[in-house]
Amino acid sequence: MGREICEKGGEGTRHDQNIEESKFSNISEKKKHGVGTLESHGATTGSWNPGNREESNPPNILERNDHALDGTLDWHGRPAHRATTGGWKAAKYITIEQVFVNWSYFGISKNLVLYMTAVMHQGNADGSNYVTNWMGAVFVAPLIGAFIADSNRGRYFTTFVFSALFGIGLLIVTISTNIHSLRPAQCPSRDVNCESATAAQSTLLTIGLYITGIAFGALTPPVTVFGADQFDENDPVERKQRSSYWNWNYQAITLGAMGAAIAIVTIQENVSWGLGYAVCAGLGFIGMSCFIGASKLYRFQKTEGNAAMRIAQVLVAASRKLSLRVKDVNKLYEEVDSESAKRKKICHTDGYKILDKAALWTPKDQKALQVAGKVNHWYLCPITQVEEVKSVLRLLPIFATTIIYSTVYMQMTTLFVVQGDSMDTRVGTIKIPSATLSVVEQITIVPGVILYDRLLVPVLRKYTGHPKGFSDLKRMGVGLVLSIIAMGVSALVEAKRLQVARRYGLIEGQDDETAPVPLSIMWLIPQYFLVGISEVFTYIGLMEMFYDQCPESLRSVSNAIQLLTNSLGSYFSTILITVVNKVTRNDGEWISNDNLNTGHLDRFYWLMVVLSLINFFLYVFFAIRYKPLEMEHPAGRPLVALEPCDDASKERLDGQDVSSFVTAQKEKENY
């Protein structure tokens with residue numbers, strides 16, 4: 001049915017579309033211009049498929065224009081000039097900003113669990129839960145930033161405001177960690193019971209951390225999508241550059257995390273915690289300066305209203321017509337005025353049929369239109385707006401089955417660090433902070449992304465014929481399998497660590513502190529490596545899928561939803577650790593607050609393997625049933641009949657175009 005509504009329409013419209021496709025197919029494969037050689041999509045195949053998201057550009061756009069063709073504006077509000085705005089000349093500053101801001105954020109988060117246990121004197125489980133709760137807030141915040149960015153405020157403004165808040169939070173954290181009276185007295189040795197931080201000390205640090213974390217989370221979706229906005233999707237050259245941008249965007253995050261794991265963590269543990277956090281503040285301000293300094297190079301998208309309101313309008317309009325039935329989807333309302341005709345439409349789908357009622361055109365809506373001169377979207381929504389909401393809802397099952405994966409990912413910043421701190425951290429004469437070992441993950445990702453794009457995709461493409469090698473869903477599935485293997489390896493390594501601890505008598509009589517086990521921290525490399533490889537498949541695949549499968553008006557929101565998996569993974573990790581310790585308290589806590597050697601962390605890892613396996617089968621179930629988003633460009637869109645539904649009244653409009661009422665009313669007002 002979703003395909004039928006895209007193909008039905010008047011003969012004149014279909015004839016015009018065939019002419020356009022015929023013209024497009026007869027153009028030579030390459031056409032030279034003064035700035036280079038451009039490849040024409042569809043020229044080699046002789047057809048244009050409007051249902052393909054990557055091939056959905058209008059067929060009549062073949063020559064490069066002096067101005068961007070996507071309607072973007074420059075700093076002064078004029079049409080964006082291609083030679084002086086956007087493209088990599090602007091996006092490179094956003095990418096550099098991402099490197100420094102992520103370097104600053106990860107410099108705080110990478111070693112935070114050790115700061116809470118070693119400096120603020122919290123227990124292992126308490127410190128781990130504190131960090132996961134904080135990270136949960138960090139990954140909920142993107143929803144705040146996304147809804148503001150996709151509203152009339154825009155992505156640049158949202159990024160600017162939350163960048164300023166990010167800087168304020170960094171200053172508070174730096175002050176809290178550098179002034180001696182704002183942190184508890186340090187212990188002379190590990191054997192002494194340390195005094196915990198006071199309420200005032202903990203409160204100031206918590207305020208600084210949460211302002212920093214929430215601001216970082218809120219600015220991530222708008223700045224990420226704002227970078228993609230610098231590339232005109234209607235231009236074949238810039239469209240390819242945008243694809244490259246996503247790879248470099250993830251690389252920027254990875255490089256920032258790597259810099260934090262190598263430099264910041266080393267300073268924190270070997271020089272001074274306060275100096276390490278001060279460096280984080282400096283890096284954050286450098287990144288913000290890069291972003292603001294290039295403001296006149298940016299292109300700015302025209303805002304299309306509040307994303308949250310567009311979603312709410314569909315839900316409210318559908319709820320008002322629950323008693324009505326949709327008999328013919330061809331009679332659902334769609335905007336056909338001159339402005340909406342320039343925008344892409346989404347093909348109707350059969351899922352979530354109850355929401356189709358929001359697009360039912362009734363005599364009551366007709367009368368309201370004649371009186372007000374415009375459609376009230378709280379009562380009647382275009383079918384494309386309805387499909388926007390459906391596109392988000394279809395992603396939710398996929399979203400839900402990545403939460404367990406995020407729980408696995410979160411162990412790198414919590415239990416993996418605590419596990420490494422209880423091992424021999426010396427490599428020769430050099431002592432390696434346990435949090436620094438996470439650099440293995442980043443070192444894995446950087447070449448992993450390049451090898452995936454340059455080697456694996458071309459090889460897979462030859463066998464599958466898929467432009468990406470295989471679909472985003474299959475790519476994510478591979479990552480989920482790798483995460484299961486990573487947890488299994490983690491359990492085996494922890495069992496080995498406990499075996500060595502028993503051999504050296506480090507379990508009995510060591511109730512207060514975890515005695516370091518004479519087992520090299522290098523044993524943890526395989527689990528970090530496997531998690532890093534799984535990210536190349538799961539997280540990048542998830543990012544691409546959520547961008548591709550959401551309409552332009554909700555892309556910041558979709559990016560935020562993708563990041564929300566990390567938040568829920570953090571909170572689920574906290575709940576899981578708390579429940580496991582309560583259940584196993586009588587026989588000995590699996591994750592001991594004081595002495596990890598007396599616990600059974602290996603059993604917790606095996607529990608994660610079981611949960612991940614169950615989650616994987618659920619993922620396969622939903623992935624098989626997922627229906628991709630189908631977009632249709634205005635050049636090939638058939639007219640949609642607009643009539644009152646039969647259930648509402650016997651009166652009909654006999655196919656009259658609703659835009660005619662709007663036009664007549666506007667002419668009357670102008671007169």
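Parameters and conventions
Residues numbered from 1 in each chain as written. Predicted model: local features only at pLDDT ≥ 70, side-chain atom pairs only at ≥ 80, totals over all residues. Heavy atoms only, no water. 1 Å grid on protein atoms, 1.4 Å probe; cavity = no way out; pocket = protein on both sides within 12 Å on 5 of 7 lines; lining within 4 Å. Points joined across faces, edges and corners; volume = space filled by probe spheres on them. Helix = DSSP H or I, 4+ residues; strand = E, 2+ residues; numbered from the N terminus. Nonpolar A, V, L, I, M, F, W, Y, C, P; charged D, E, K, R; others polar. Expected span 1.5 Å × (residues − 1). Buried < 20%, exposed > 50% of the residue type's maximum accessible area, 1.4 Å probe, protein only. Salt bridge = Lys/Arg side-chain N within 4 Å of Asp/Glu carboxyl O. Bend = angle between axes of the 7 residues up to and from the residue. Core = buried A, V, L, I, M, F, W, Y, C linked by side-chain atoms within 4.5 Å. Contact = heavy atoms within 4.5 Å. Polar contact = N/O pair within 3.5 Å; in protein donor to acceptor, adjacent residues only side chain to side chain. Pairing = 2+ DSSP bridges. Patch = residues over 30% accessible without salt bridge, like charges linked within 9 Å, V, L, I, M, F, W, Y side chains within 5 Å. Areas by Shrake-Rupley, 256 points an atom, 1.4 Å probe, with all protein chains shown as cover. pLDDT = per-residue confidence, 0-100. Phe/Tyr/Trp six-rings, centres within 6.5 Å; stacked < 30°, edge-to-face > 60°. Lys NZ or Arg CZ within 6 Å of the ring centre and 35° of its normal.

## Details of empty space enclosed by the protein
- Enumeration over the complete set of coordinates arrives at six cavities of 30 Å³ or more.
- Empty space within the largest cavity amounts to approximately 470 Å³.
- Around the largest cavity, the lining comprises 31 residues; the ones closest to its centre are Phe106, Phe139, Ile253, Leu563 and Asn566.
- Mapped by element, the contributors of at least two residues to the lining of the largest cavity are α3 (87-109), α5 (124-149), α7 (199-229), α8 (236-270), α15 (439-464), α17 (525-548) and α18 (555-583).
- Counted by class, the lining of the largest cavity contains 15 nonpolar, 13 polar and three charged residues.

## Considering helix α12 (residues 383-400)
- With 18 residues, α12 should reach 26 Å at 1.5 Å per residue; the first-to-last C-alpha distance of 26 Å fits that figure.
- Among the 18 residues of α12, 14 are classified as buried, and the element is accordingly described as predominantly covered.

## Thoughts on the pattern of salt bridges
- Scanning all chains against the criterion turns up 11 salt bridges.
- Residue Arg497 pairs with Glu494 through a salt bridge whose shortest N-O separation is 2.9 Å. Of this pair, Arg497 and Glu494 both sit in helix α16 (residues 472-503), three residues apart, which is roughly one turn of the helix.
- We classify Arg497 as buried; its relative accessible area is 0%.
- The class for Glu494 is buried, based on a relative accessible area of 0%.
- What you see here is one network of salt bridges that share partners, running through Arg82, Asp232 and Asp235.

## As for α17
- Taking 1.5 Å per residue as the helical rise, α17 with its 24 residues ought to reach 34 Å, and the 34 Å between its terminal C-alpha atoms agrees with that figure.
- Residue Glu535 marks the point of greatest curvature in α17, where the axis turns by about 40°.
- Judged by how many residues are buried, α17 sits mostly within the fold: 19 of 24 residues are covered.

## Quick look at the nonpolar core
- The biggest cluster of nonpolar side chains holds 146 residues, and the ones touching the most others in it are Tyr298 and Phe604.
- If near-sequence neighbours (up to four positions away) are discounted, Tyr298 is found in contact with Leu73, Asp74, Trp75, Thr85, Ala90, Tyr93, Ile94, Tyr156, Phe226, Gln230, Cys290 and Phe291.
- The next biggest cluster of nonpolar side chains, apart from the first, holds five residues, and it includes Tyr333, Trp361, Val375 and Leu380.

## With respect to the environment of Tyr379
- Mapped onto the fold, Tyr379 is located in the loop between α11 (363-372) and α12.
- By relative accessible area, which is 33% here, Tyr379 ends up partly exposed.
- Distance from Tyr379 to Ala359, taken between C-alpha atoms, is 8.6 Å for residues 20 residues apart in sequence.
- A distance of 3.5 Å separates a polar atom in the side chain of Tyr379 from a polar atom in the side chain of Arg320.

## Side note on the pairing of strand β7 (residues 517-520)
- Only one face of β7 is covered, namely the face carrying Val517 and Leu519; the face carrying Pro518 and Ser520 is uncovered.
- In this sheet, β7 lies alongside strand β4 (residues 423-424) in parallel orientation, the contact comprising two bridges. Its bridge partner being in β7, Asp424 is matched across the sheet by Ser520.

## Some thoughts on a nonpolar patch on the surface
- A contiguous nonpolar patch, built from Phe157, Phe160, Val161, Leu165, Ile168 and Ile292 and spanning about 470 Å² of accessible area, is present on the exposed surface.
- For the nonpolar patch, the element with the most residues is helix α6 (residues 155-178), which contributes five residues.
- Tracing the backbone shows Phe160 in helix α6.
- On the accessibility criterion, Phe160 (38% relative accessible area) is partly exposed.

## Thoughts on the confidence of the model for the protein
- Per-residue confidence for the protein gives a mean pLDDT of 77, with 79% of residues at or over 70.
- Highest mean pLDDT in the protein belongs to helix α19 (residues 601-624) (94); lowest belongs to strand β2 (residues 36-39) (31).
- In the predicted structure, residues 1-63 sits below a pLDDT of 50 and forms 106 contacts with residues beyond four places in sequence or in another chain.
- Taken as a whole, residues 634-671 scores under 50 in pLDDT and shows 85 contacts with residues more than four places along the chain or in a different chain.

## So, unusual backbone geometry
- Look at Tyr352: it is not a glycine, yet its phi comes out positive at around 50°.
- The class of Tyr352 is partly exposed, set by a relative accessible area of 37%.

## Quick notes on the packing of aromatic side chains
- On inspection of all chains with the given rule, the structure shows 30 aromatic pairs.
- Judged by centre distance (5.9 Å) and plane angle (80°), the rings of Trp75 and Tyr156 are edge-to-face. Taken together, the residues span a long stretch of sequence, with Trp75 in the loop between β2 and α3 and Tyr156 in helix α6 at a distance of 81 residues.
- Residue classification places Trp75 among the partly exposed positions, given a relative accessible area of 39%.
- Using a relative accessible area of 14% as the deciding quantity, one classes Tyr156 as buried.
- For the ring pair Phe416 and Tyr528, a centre distance of 5.3 Å and an interplane angle of 75° mean the geometry is edge-to-face. With Phe416 in helix α14 (residues 415-421) and Tyr528 in helix α17, this residue pair connects regions lying 112 residues apart in the sequence. Of the two residues examined, Phe416 and Tyr528, each falls in the buried class.
- Here the aromatic residues Trp75, Tyr156, Phe226, Phe291, Tyr298 and Phe300 are joined through ring pairs into a cluster of three or more.
- The side chain of Arg320 reaches across the aromatic face of Tyr379, ending 4.0 Å from its centre.

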